[in-house]
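Listed below are the residues making up each chain.
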Amino acid sequence: EVFSQAGMPAIGTSCTNPNVTADCDVYFRLAFLDPFQGTVLANYAYNELGVDNAYVLGMLGSDYDQGLIYYVTQAFQELGGTVTAESFPEGTANFVSYVNNAKSAGAGVIFCPVSINYAQLIVEAAAAQGFEGTILGGDTLDSNMVVEAAKGKDVDVKITTFYQEGGNPEFDAGIKEWINANADAKTNNGGNDMVS
């Protein structure tokens, strides 16, 4: 609304929720939309992984989590799949019961489009509880921290992303140079120069 009132063009680099730029003729985006992202994830789970039972988990009150869960659920059910949905309150630190609920439901995937901190905890809980399915995440899981949480554990994590390292070697080299030249950037990037 602020951009619209000011008549100032703006470009969102990572906003995927369609409501972010809705009804604003000066606000544009570079990223895909959640209806697309959700449909791709649902199709991947159902058609590529052969899963017909999904568990979806997001934070209560998070527009991003709940919006993407809506689109995944809608698309997955249209394919013929069954969805078990749960939400957790902000500040949750233990996801063992949620992972066990997914296992009890017979879910082949846990779809959790959550923040990086929660994603790390979910990955760790899934590994500790022996979840044998796939953890699916939206673009928020595209983080070195999530990769580190999964490292050395028997857990399968798949995400949607805007860019994968290796897509443009010249771009990767420039980003890595910038990360390695700045201690804060490297710390904020999980302590390494992986492009996520």
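Before reading on, note that the structure itself is shown above.
Keep in mind it's a predicted model, so treat the numbers as computed, not measured.

A.B. asks: Describe the side chain of aspartate 172, naming the residues involved and giving the relevant values.
C.D. replies: Of note, aspartate 172 is situated in helix H7 (residues 169-180). Within the buried core, aspartate 172 has no salt-bridge partner, and the shortest N-O distance to an opposite charge, that of lysine 176, equals 6.6 Å. Among all residues touching aspartate 172, those that are not within four sequence positions of it are Tyr163, Glu165, Gly166, Gly167 and Val195.

A.B. asks: Could you give an account of the sheet that holds strand E3 (residues 53-59), naming the residues involved and the relevant values?
C.D. replies: Judged by pairing direction, the sheet is parallel, and its 5 strands sit side by side in the order E4-E3-E5-E6-E7 without closing on themselves. Strands with a single pairing partner mark the edges of an open sheet, and in this sheet they are strand E4 (82-88) and strand E7 (156-159). With strand direction ignored, the average angle separating the axes of adjacent strands in the sheet is 25°. Note that strand E5 (residues 109-111) and strand E6 (residues 134-137) share 3 bridges and pair parallel. Within E6, the residue paired with valine 109 across the bridge is threonine 134. Its contacts with the sheet place helix H2 (residues 34-48) against E5, E6 and E7, and it is angled at close to 165° to E6.

A.B. asks: Report on H7, specifying residues and quantitative values.
C.D. replies: Between its first and last C-alpha, H7 extends 16 Å over 12 residues, near the 16 Å set by a 1.5 Å rise per residue. Where H7 begins, the capping side chain belongs to asparagine 168, and its oxygen is found 3.1 Å from the backbone nitrogen of glutamate 170.

A.B. asks: Give a detailed account of the packing of aromatic side chains, specifying residues and quantitative values.
C.D. replies: The tally for this structure, following the rule as stated, stands at 9 aromatic pairs. Note on phenylalanine 3 and tyrosine 27: the rings are 5.2 Å apart at their centroids and 70° apart in plane angle, and the pair reads as edge-to-face. Placement of phenylalanine 3 in helix H1 (residues 2-6) and of tyrosine 27 in strand E2 (residues 27-29) is noted, with a sequence separation of 24 residues between them. On the basis of relative accessible area, phenylalanine 3 is assigned to the partly exposed category, the value being 30%. A ring pair is formed by phenylalanine 88 and phenylalanine 95, whose centres lie 4.9 Å apart and whose planes are at 90°; its orientation type is edge-to-face. Residue phenylalanine 88 shares its accessibility class with phenylalanine 95, and that shared class is buried. By way of ring pairs, the aromatic residues Phe88, Phe95, Tyr98 and Tyr118 are connected into one cluster.

A.B. asks: Any chance you could break down the pairing of E4 for me, citing the residues and the numbers?
C.D. replies: The pairing of E3 with E4 spans 7 bridges and is parallel. Bridging from a neighbouring strand, valine 56 pairs with alanine 85 of E4. A crossover links E3 with its parallel partner E4, the connecting element being helix H3 (residues 63-78), and its sense is right-handed.

Calculation rules
- Residues numbered from 1 in each chain as written.
- Predicted model: local features only at pLDDT ≥ 70, side-chain atom pairs only at ≥ 80, totals over all residues.
- Heavy atoms only, no water.
- Helix = DSSP H or I, 4+ residues; strand = E, 2+ residues; numbered from the N terminus.
- Buried < 20%, exposed > 50% of the residue type's maximum accessible area, 1.4 Å probe, protein only.
- Lys, Arg positive; Asp, Glu negative; His and termini not counted.
- Salt bridge = Lys/Arg side-chain N within 4 Å of Asp/Glu carboxyl O.
- Contact = heavy atoms within 4.5 Å.
- Pairing = 2+ DSSP bridges.
- Axes fitted to C-alpha atoms, helices over the stretch in contact; angles between N-to-C directions.
- Expected span 1.5 Å × (residues − 1).
- Polar contact = N/O pair within 3.5 Å; in protein donor to acceptor, adjacent residues only side chain to side chain.
- Phe/Tyr/Trp six-rings, centres within 6.5 Å; stacked < 30°, edge-to-face > 60°.
- Right-handed = clockwise from strand over helix to strand, strands pointing away.

The analysis is restricted to geometry; functional conclusions fall outside its scope.
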